[in-house]
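# Notes for the structure review
Spelled out from the first residue to the last, the chains are:
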Protein chains: 2
Amino acid sequence: MDISRRDLFLKSAGMAACIGGGAFASDLTKTETAEERAKTFFKLYPVGRVEKKGKSVRLRIFERYADALKGLDGFSHVWVFYWLDKNDTPRKRSILQVHPRGNKKNPLTGVFACRAPVRPNLIALSLCKILSVNPAPNRGWVKSGVVHIEKIDAFDGSPVLDLKPYAPGIDSPTKGVRLPDWLKR
Amino acid sequence: MDISRRDLFLKSAGMAACIGGGAFASDLTKTETAEERAKTFFKLYPVGRVEKKGKSVRLRIFERYADALKGLDGFSHVWVFYWLDKNDTPRKRSILQVHPRGNKKNPLTGVFACRAPVRPNLIALSLCKILSVNPAPNRGWVKSGVVHIEKIDAFDGSPVLDLKPYAPGIDSPTKGVRLPDWLKR
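Each value, and the rule that gives it
Residues numbered from 1 in each chain as written. Chains lettered and ligands numbered in written order. Predicted model: local features only at pLDDT ≥ 70, side-chain atom pairs only at ≥ 80, totals over all residues. Heavy atoms only, no water. pLDDT = per-residue confidence, 0-100. Helix = DSSP H or I, 4+ residues; strand = E, 2+ residues; numbered from the N terminus. Contact = heavy atoms within 4.5 Å. Pairing = 2+ DSSP bridges. Axes fitted to C-alpha atoms, helices over the stretch in contact; angles between N-to-C directions. Phe/Tyr/Trp six-rings, centres within 6.5 Å; stacked < 30°, edge-to-face > 60°. Buried < 20%, exposed > 50% of the residue type's maximum accessible area, 1.4 Å probe, protein only. Lys NZ or Arg CZ within 6 Å of the ring centre and 35° of its normal.

## Focus: the confidence of the model for chain A
Residue and element names in this part refer to chain A. The pLDDT averaged across chain A works out to 80; a share of 74% of its residues lies at or above 70. Within chain A, strand S4 (residues 77-83) carries the highest mean pLDDT (98), whereas helix H1 (residues 2-6) carries the lowest (38). Overall, residues 1-30 carries pLDDT values under 50, and its contacts beyond four positions in sequence, including any with other chains, amount to 91 contacts. Within the model, the stretch residues 136-142 combines pLDDT values under 50 with nine contacts to residues more than four positions away or in other chains.

## Considering the sheet that holds strand S8 (residues 146-149) of chain B
Think of a sheet as strands paired side by side through backbone hydrogen bonds, with each pair either parallel or antiparallel. Reading around the barrel, the six strands line up as S2-S3-S8-S7-S4-S9 (chain B) and close back on themselves, with antiparallel pairing between neighbours. For this sheet, the mean angle separating the axes of adjacent strands, direction not counted, is 45 degrees.

## Some points on the packing of aromatic side chains
Counted under the stated rule, the structure contains ten aromatic pairs over all chains. Relative to Trp83(B), the ring of Phe42(A) has its centre 5.1 Å away and its plane inclined at 20 degrees; by these criteria the two rings are stacked. Highlighted residues: Phe42(A) in strand S1 (residues 42-44) and Trp83(B) in strand S4 (residues 77-83), drawn from two different chains. We classify Phe42(A) as buried; its relative accessible area is 4%. On the accessibility criterion, Trp83(B) (0% relative accessible area) is buried. Lying over the aromatic face of Phe41(A), Lys43(B) brings its terminal NZ or CZ to 4.6 Å of the ring centre.

## With respect to the sheet that holds S4(A)
Read around the closed barrel, the six strands follow the order S2-S3-S8-S7-S4-S9 (chain A); overall the barrel is antiparallel. The sheet shows a mean angle of 45 degrees between the axes of neighbouring strands, taken without regard to direction.

Laid out in structure tokens, this is it:
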């Protein structure tokens, strides 16, 4: 994962209103009280929405973030990070184990060992094929902010959190992949 | 990405104190004011920390979340989501374009089109090889909460947000991958 570090040299193209950071510094390696924990969180701001109309699937990136799409059209696939907002309740965020695929025959499995849409932090990750970026003619890529994708397992309106391009060198295992039996069935 | 939906049938194994949800409902497709936007965020709670000591790299999952690791030992690789907490400032979260790999010869590129560690939402994603899960002998997997991994491009102490197992069927492209020139060099 060395690309992220190597990208550290920055040249901001400016724009984008300031986005408030929300981290509270805290040493979480010690055992904290519920009160302490409640103060320790990071803030996620939606950068767009999933739009589904018929067979068309688009990521509508808000205008203030559209400049961050520059160059995405050079890639075939993108990781879409979105928020499982329909499950954002204290109860669903406290579920730690499920039967994968809703099948009781599958062993009770931790949410960190499956892709269940209930988990402490409701981040969903989908690898999507890009059909076009900012397809609006005569507008250029700036301010348009539309990524047309093949499909995504999200709801119409799901909040988009981040996009990262698919890079085989860091996003695929170099050696043998091993899976549990329930996933092979 | 159909696994996540199919996992919807839930069986909570209880435990884990309630985790406060933090979403504010808001229609972000309209243009919102800065004030409105400031209210619209989701809360991320750290579920563990990266621990680096010499060549040993571990994910220390907090005890209250350790049950979510059940079954992870059946997988060879895991996606680690962590927070780039050192960059959690309004300025760094407002950067939308960078020169990839810190090389000015590379074209100015949107942060959604590279893996820069500065972006509106500071989620980092690393695919990691699992060496062992909860290796402590005589303790079983419950309450131990340690995932020993081969390596990760994170700092010692980086907050872990989520773990998802690597599943080739949904995590690798089925057709040709296309990349921009700067990434091929």
